[in-house]
Every structure is written in structure tokens, then in C-alpha cells.
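Architecture at a glance
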Amino acid sequence: MKLNFRIVIFALAIVFGVAFSIPSLLQTEGGKKVNLGLDLQGGLHMLLGVKTEEATTSRLKSIAASIKFFTDKNDILIDELKFDESAISFLLLDTDDTKHIKEHLSSIEGLNVIYAAENISMSFTPEEIVKTKKQAIDQAIETIRNRLDQFGLTEPVVAKQGEEKILVQLAGIKTAAEEQRARELISRAAKLELMAVDEDRAARVSVMNDAEAASFGDVILPDAKNEMNRYLVKEIPVLDGSMLTNANVGFDQNNRPVINFTLNAEGAAIFGDFTGRSVGKRLAIVLDGKVYSAPNINERIGGGSGQISGDYTVMEAKDLAIALRSGALLAPVYMMEKRSVGPSLGADSIEASMIALIGGFILVIIFMVAYYKLAGLIANIALIANLFIILAVMSLFGATLTLPGMAGIVLTVGMAVDANVIISERIRELIYEGKSIHKAIEEGYQNAMRAILDANITTLIAAVVLYAYGTGAIKGFAITISIGILASMLTAILGTHGIYELLEKKIQKSKNNRLWFGIKG
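In short, a report on the structure. (Residues numbered from 1 in each chain as written. Predicted model: local features only at pLDDT ≥ 70, side-chain atom pairs only at ≥ 80, totals over all residues. Heavy atoms only, no water.)

Here we take up the packing of helix 3 (residues 53-73) against helix 4 (residues 98-106). The geometry of helix 3 relative to helix 4 is characterised by a closest axis approach of 11 Å and an angle of 145° between their N-to-C directions. Two packed elements cross with a definite hand, and for helix 3 against helix 4 that hand is right-handed. Across from S66, I67, F70 and T71 in helix 3, the residues of helix 4 making contact are H100, I101, H104 and L105. Tallied by class, the residues present in the contact of helix 3 with helix 4 amount to 4 nonpolar, 4 polar and no charged. (Axes fitted to C-alpha atoms, helices over the stretch in contact; angles between N-to-C directions. Helix = DSSP H or I, 4+ residues; strand = E, 2+ residues; numbered from the N terminus. Left-handed = near helix turned anticlockwise from the far one by under 90°. Contact = heavy atoms within 4.5 Å. Nonpolar A, V, L, I, M, F, W, Y, C, P; charged D, E, K, R; others polar.)

In C-alpha cells form, the structure reads like this:
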């Protein structure tokens, strides 16, 4: 027997497969493992809706804040700046500044602006409203996905369902506490706003109602720790969380968790300008409509950084920092449907799938040996190596195994057997024709190659399309079958060919075609 490059590569592939499969098979502490999907280990299935109508209001509020900053920065005098759910309006005190205002408003896409002397009002065009609502859903999907990725969940499924729904599937959520934490992280708006306290009227906030506050361009917000305490703040925020670039958990002088945040250059400039003009006044740090602190401004604050303090646990502060880093939701989300998939269902699925996989595998092995004798045994070695390589590659990349993924593995076993059957049949045909063992093996592989490649490449193309356009479990199926096809081409074409080359002289010497290939002669 003489070593050849094919057998060396095949041996290395087997070592790779066994080594990287062990952590998943034995569930060891260390090493990368295959993750089980929602259908196999249980978890949380949610269908969320998005209040898209609030997305336009949120955008109008941001535009109003940008108008306030622009006019303050350029010493343009305006009054009665206000907004509602459909429009912004303000009074331009000096009409000579109309040109500057027009230039600024024309840079904002989708606005329908009406100039009536000193009165200026604006609203979104119908096309922009549709675009904003669609953007709210797309942004919610991206934001939720980012939050869950940072939360540490393995391959959460976050996908659009229909026109205005979002499907979220979280595998591995088993306890009520884990479920509550995940739900709060997903649904939290994480809308950070820095708002000026109306110092002129703040003393009357306890006897003021919302309508009276609105008449002054103010809004009443509760304290985050004690809702009986209320703050009167300007309705138009100084800046919002869209200018936030980072948020991390820190600790104050009393060793309590706080969230330190950093603003981008534009936010830092607005923050610095405002604090410079407002020394002696208070700035409220508002998160999701609640005031977390309202410190006095003692001096201009440059650098664009701030701190949110509250009665947090370390875990709550960490989740809040994740939500802030991932960005605020443009529109709130709400729960439409929630379903918990118990681990017992997953265990039943695993048991049933393993019975199918092992049962089918054993029957295939018995058939191959009974029909093709030692050639069938060689094919079975390739088949086992194939399974180890699939598991190893999936473990290496931390892939998630779902029920469709297991179906993909079973299908791959069938395709790997098919390739070996084609090769064995071609070799048998050539032996029947009187070819030598060497020629029968070499020409057998050449003749079988085209059929095997055709079948595998067409299936691989279908798997790539499924992965590109599918979601969740469909992607899992596409991944497992793709890995399986590539592994089967390595084991069935290269691996078994290497074994035949290694044993060729022994086969020739034995002259026992019945033993080696299951045929007479």
C-alpha cells in the first residue's frame, strides 16, 4: 500500500471533523458548539406590531429641534415654534431672514412648506408619510436585531412579516425572568432627549395641567423614580438620541451604576452652545418620557458627553446601554402575539429526528455492505466522515441547528450515498467489460464525475437561493445542505478514490471481485 495525496487530505478531513465535533457531541465546557434552534431547545416566539403613525410625529419633533438650533445659531428671531402630530409652525419675527429659513428648510426632504408672510408652517408630503412609516418598520427590525445581538442570544430570528408586523424568535429563553428581560430590551423605545427646564414657570408645575403647559410650548414629565414629582420642560428638545454615538455602564462616586453617553460632533456643538447660554438653569435628561435627572448648569459643557443616573441594577444599566447604543425606535412596538415553546417539545423533536437520522443511516450502511460488499464499506467510511465534517463546520461557525437543518443533513446523507452508488456502479460496469482494476477505478471515477457534479452543483445553487431569500429555519436548511454537499464531494469523490488507490494492488492480487465489489468474476 502506498500513500497518495487524496488519502492524506481525506485523513486530515476526518481528523478535523472528529476534533471539532467533540464539543458538540459530548457537550464539553470549552470549544465551539452547534447551537440548537427554537424548535429544538424551546424559547420565545413573538409577533410585534409597529405604531407607524407615531413615526411621523417623532420625525416632526426632530425637525422642530433642528429648526430651533439653526435659528439660535444664526441669530434668526422666531416665536411660537410648535408642532403636533401632522405639522410644525412658527412665527418669523424678521422677514428679512426668510431667505435663510427657506435655504434651511429646502435641505430637508419630503416637506411641504407654506409661507404666509411671517407665518411659516410645514407638513410631510403624502409620499414622505408612506416612506416614513415604511422606514419605521425597517429601522425597528434593524434596531431589535442589533439589541438582541448585543444581548448575546445566538442567531435570533428578526424578520418582517406582512406589511407592518415583525416576527421575533429567541431560542434558549427558558425562564420567566429571561423572557421579561428580552421583552423589555426589544420593546424599549430608548428615546433619549435633553430638554430645557422652563425655569420661569417651573414653580407652578404642581398646579398646572397639560393643556396649560402646552399653551406655553411646554410639556409636563414625571420623575423616573417618583412619578409624583413632575418637571415642566420645553416641548422642543435641545437634542435627541439620534446624535448619540456611544453609551456604556459606569459607576458614580457612591458606586451606583450609571450610563455614560457620548454625542457626535453636531450633538456636542449643540450641547456646548446650549449649556453656554443657559448657565444657572437646569437641563433635564429624559429617557422614554421620564426625567432621570435635571442638574443645574454651572458652566459651558464641552466634549459632548453626559451621564444618566437612576436606581438601576448593573443588569438594568447594561440593558439600557445596549438599547441606547442600538438606537431609539422611530415608532413604538407592541406585542400582537406571544408563544413560548417549551424545551420538552424541543426534546421530543430531537428524539424523533435522531431516530429518523440514525435509523435511516443504519439501513443505508447495511444496504451498501450487503450489495457492494467492501466497496460499500468504503462508501460507508466516506458517509461517516461526511457527517463529522458537517458537524465540525457548523460548530466552528457557531451555526444554529433546527429541525429543517436536520432534514438537510438527512438529505445530504442520501446525496452522499447516491454519489457513492454512481461511482460503484461505473466501476462494476467497467469490470464487467473486462477492464483491469486500475482502469476500472480511474475511468469509473471519470465517468461518474459529471453526473455527481451536475447533481451537487444544481442543488448547491438552489441552496444559495434559499439562503439569500429565506429566513430563519429556511436559512438553516440551506446552510446544512450546502455544507453537506461540499463535504460529500470531498469524501465521496476525493476520499473514496484515495482509499481505492491505497488498496489497488491488494484488490488486484486478491482477484476477488465478489468480495470487493459484490460482482462475479
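There is more to say, and it comes next.
This brings us to the packing of aromatic side chains. Under the definition given, this model contains 5 aromatic pairs. Look at Y445 and Y500: their rings are 6.2 Å apart centre to centre, the planes differ by 65°, and that puts the pair in the edge-to-face class. Of this pair, Y445 sits in helix 13 (residues 437-469) while Y500 sits in helix 14 (residues 473-510), and the two are 55 residues apart along the sequence. On the basis of relative accessible area, Y445 is assigned to the buried category, the value being 3%. Taking the relative accessible area as the measure of exposure, Y500 reaches 2% and is therefore buried. Measuring from ring centre to ring centre gives 6.0 Å for Y500 and F517, while their planes differ by 25°; the resulting arrangement is stacked. You can see Y500 sitting in helix 14 and its partner F517 sitting in helix 15 (residues 513-517), a full 17 residues away along the chain. Through successive ring pairs, a cluster of aromatic residues spans F367, Y371 and Y372. Its guanidinium or amino end placed over the ring of Y115, K102 lies 4.9 Å from that ring's centre, counting from NZ or CZ. (Phe/Tyr/Trp six-rings, centres within 6.5 Å; stacked < 30°, edge-to-face > 60°. Buried < 20%, exposed > 50% of the residue type's maximum accessible area, 1.4 Å probe, protein only. Lys NZ or Arg CZ within 6 Å of the ring centre and 35° of its normal.)

A word on unusual backbone geometry. Residue N255 is not a glycine yet carries a positive backbone phi of 65°. Looking at the element boundaries, N255 is found in the loop between strand 13 (244-251) and strand 14 (257-263).

The 3 strands are arranged 13-14-17 in an open sheet whose pairing can be described as antiparallel. What marks the edges here is a single partner per strand, and that holds for strand 13 and strand 17 (305-309). Between one strand axis and the next, the sheet turns through 25° on average, direction left out of account. The sheet contact formed by strand 14 and strand 17 spans 5 bridges and is antiparallel. Along strand 17, the bridge assignment pairs I259 with I308. (Pairing = 2+ DSSP bridges.)

Overall, the coordinates contain 20 salt bridges when judged by the stated rule. E128 is the partner of R59 in a salt bridge, and the nearest nitrogen-oxygen pair spans 2.7 Å. With R59 in helix 3 and E128 in helix 5 (residues 126-151), the pair connects residues that are 69 residues apart, well separated along the chain. E128 gets classed as buried once you look at its relative accessible area, which sits at 9%. Ionic pairing is found between R201 and D198, a salt bridge with its closest N-O pair at 2.9 Å. You can call D198 buried: its relative accessible area is 2%. Among the ionic contacts, a cluster of salt bridges with common partners joins D198, R201, D218 and K234. (Salt bridge = Lys/Arg side-chain N within 4 Å of Asp/Glu carboxyl O.)

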